[in-house]
Amino acid sequence: MEYYHHSINKMAMFMVILVLAIDVTMVLGQGTRVGFYSSTCPRAESIVQSTVRAHFQSDPTVAPGILRMHFHDCFVLGCDGSILIEGSDAERTAIPNRNLKGFDVIEDAKTQIEAICPGVVSCADILALAARDSVVATRGLTWSVPTGRRDGRVSRAADAGDLPAFFDSVDIQKRKFLTKGLNTQDLVALTGAHTIGTAGCAVIRDRLFNFNSTGGPDPSIDATFLPQLRALCPQNGDASRRVGLDTGSVNNFDTSYFSNLRNGRGVLESDQKLWTDASTQVFVQRFLGIRGLLGLTFGVEFGRSMVKMSNIEVKTGTNGEIRKVCSAIN
């Protein structure tokens, strides 16, 4: 009888764990899992990795480009590769997406994978894997990427209107992330991707010369940093000139970005606000702190937040399709 009750208790506990696991899966929108292609296309992940590495060696700017592309893909209609589709009114033609780069890297990996596993690996998964590999290429920590996404069939520029913007307040940023199931820590961690990459002077200049129509600079900019930024982006200079988002460490995936925010050296208005707003500053401080109760290891938490983001509104099972080429629906 004792053994019987013990078995019942174990079974009840198993059912609770199973229900909890299912609940978490539903909340995250997952139908994905690590190693989804381990039997159907075992070389898929290694092909993406080697392709990213090869392109990165000839052009390091593809790493932040691919990372940003994955972010923009997930925030519009979910992580379904819709950002990759070409067309006169497709998602990638929207203003926030016009400077995205790395499309050729994804298409290159897709071509190689199709040659050995036709119709198996989605473009959405290739992009999610390539984003991880781009972080690793810039000396960031790796993480396991759940796969099993399918590709979307819809791509409209109009749907990209609510992407996070460089002028957004922290409250607006938090709202945009929360609608995708991402909390304030995710916001700060994922924005930490700006440790690599650049921005055009067009999105910086008002902050340097006419912040909020005041005729002067944003007062949150460090006084010694302001002349450096103005030299890079003169008032009547080239609006397309690129400026590193993490001064002094633009090609390394590290916590230097957060140090710059603490020192008033954030390049984008929305970035610097992560320090001036108390609700986000606490996470910047924790990413800069020691490991332990008060500290958070940025590379680890970034990977966790990326997994959450990469499961936004994914299409799995019979939803969507597996594109033959990433730039066009079948």
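Residues numbered from 1 in each chain as written. Predicted model: local features only at pLDDT ≥ 70, side-chain atom pairs only at ≥ 80, totals over all residues. Heavy atoms only, no water.

### So, the overall build of the protein chain
Step number 1: A count of helical and extended segments in the protein chain gives 13 helices and two strands.
Step number 2: Burial status across the protein chain gives 47% buried among its 330 residues.
Step number 3: Residue pairs at least 24 apart in sequence account for 73% of intrachain contacts in the protein chain once pairs closer than 6 positions are excluded. (Helix = DSSP H or I, 4+ residues; strand = E, 2+ residues; numbered from the N terminus. Buried < 20%, exposed > 50% of the residue type's maximum accessible area, 1.4 Å probe, protein only. Contact = heavy atoms within 4.5 Å.)

### Concerning the UniProt feature "binding site: Ca(2+) 2" in the protein chain
Step number 1: Residues given the UniProt feature "binding site: Ca(2+) 2" here are Thr195, Asp246 and Asp254. In terms of the greatest pairwise C-alpha distance, the residues named above, spread along 60 residues, form a tight cluster of at most 9.5 Å across.
Step number 2: Secondary-structure assignment places Asp246 in the loop between strand E2 (242-244) and helix H10 (256-262).
Step number 3: The buried category is assigned to Asp246, whose relative accessible area is 0%.
Step number 4: Excluding residues that lie within four positions of it along the chain, Asp246 makes contacts with His194, Thr195, Asn252, Asp254, Ser256, Tyr257 and Asn260.
Step number 5: Each residue touching Asp254, except ones within four places of it in the same chain, is listed here: Thr195, Asp246, Ser249 and Phe298. (UniProt positions renumbered as here; feature names shortened; annotations may be inferred.)

### What to know about the UniProt feature "glycosylation site" in the protein chain
Step number 1: Those residues carrying the UniProt feature "glycosylation site" are Asn212 in this numbering.
Step number 2: Mapped onto the elements, Asn212 comes out in the loop between helix H8 (205-209) and helix H9 (226-232).
Step number 3: According to the relative accessible area criterion, Asn212 is exposed, its value standing at 58%.

### Topic: helix H13 (residues 298-309)
Step number 1: With twelve residues, H13 ought to run about 16 Å at 1.5 Å a step, and its terminal C-alpha atoms sit 16 Å apart, in line with that.
Step number 2: Within H13, nine of the twelve residues are buried, which leaves it mostly tucked inside the rest of the structure.
Step number 3: Where H13 is concerned, the buried positions are Phe298, Gly299, Glu301, Phe302, Gly303, Ser305, Met306, Val307 and Met309.
Step number 4: In this structure, the buried side of H13 is in contact with helix H3 (62-75), helix H5 (123-137), helix H7 (184-191), H10 and helix H12 (278-288). (Expected span 1.5 Å × (residues − 1).)

### With respect to the nonpolar core
Within soluble globular proteins, side chains that are nonpolar tend to cluster in buried spots.
Step number 1: Counting residues in hydrophobic clusters, the biggest one holds 68 residues, and the most contacted among them are Leu67, Ile113, Phe302 and Met309.
Step number 2: With near-sequence residues (within four places) excluded, Met309 lies in contact with His70, Phe71, Cys74, Phe75, Cys79, Leu182 and Leu190.
Step number 3: Judged by nonpolar contacts, the second largest core, of 14 residues, contains Ala199, Leu208, Leu226 and Leu245. (Core = buried A, V, L, I, M, F, W, Y, C linked by side-chain atoms within 4.5 Å.)

### Focus: the packing of aromatic side chains
Step number 1: Overall, the coordinates contain 13 aromatic pairs when judged by the stated rule.
Step number 2: Measuring from centroid to centroid gives 5.8 Å for Trp143 and Phe302, while their planes differ by 75 degrees, and the two rings are edge-to-face. Here the residue Trp143 occupies a position in the loop between H5 and helix H6 (170-178), and Phe302 occupies one in helix H13, the gap between them amounting to 159 residues. For the pair formed by Trp143 and Phe302, the shared burial category is buried.
Step number 3: These aromatic residues form a ring-pair network of at least three members: Trp143, Phe253, Tyr257, Phe258, Phe287, Phe298 and Phe302.
Step number 4: Sitting over the face of the ring of Phe103, Arg92 holds its NZ or CZ atom 3.7 Å from the ring centroid. (Phe/Tyr/Trp six-rings, centres within 6.5 Å; stacked < 30°, edge-to-face > 60°. Lys NZ or Arg CZ within 6 Å of the ring centre and 35° of its normal.)

### Section: the confidence of the model for the protein chain
Step number 1: Overall, the predicted model of the protein chain reaches an average pLDDT of 91, with 89% of residues at or above 70.
Step number 2: Taken as a whole, residues 1-29 scores under 50 in pLDDT and shows six contacts with residues more than four places along the chain or in a different chain. (pLDDT = per-residue confidence, 0-100.)

### Digging into the side chain of Asp133
Step number 1: The topology assignment puts Asp133 in helix H5.
Step number 2: At 3.4 Å, the side chain of Asp133 forms a polar contact with the backbone nitrogen of Gln49.
Step number 3: Dropping the residues within four chain positions of it, Asp133 is found in contact with Glu45, Val48, Gln49 and Val52. (Polar contact = N/O pair within 3.5 Å; in protein donor to acceptor, adjacent residues only side chain to side chain.)

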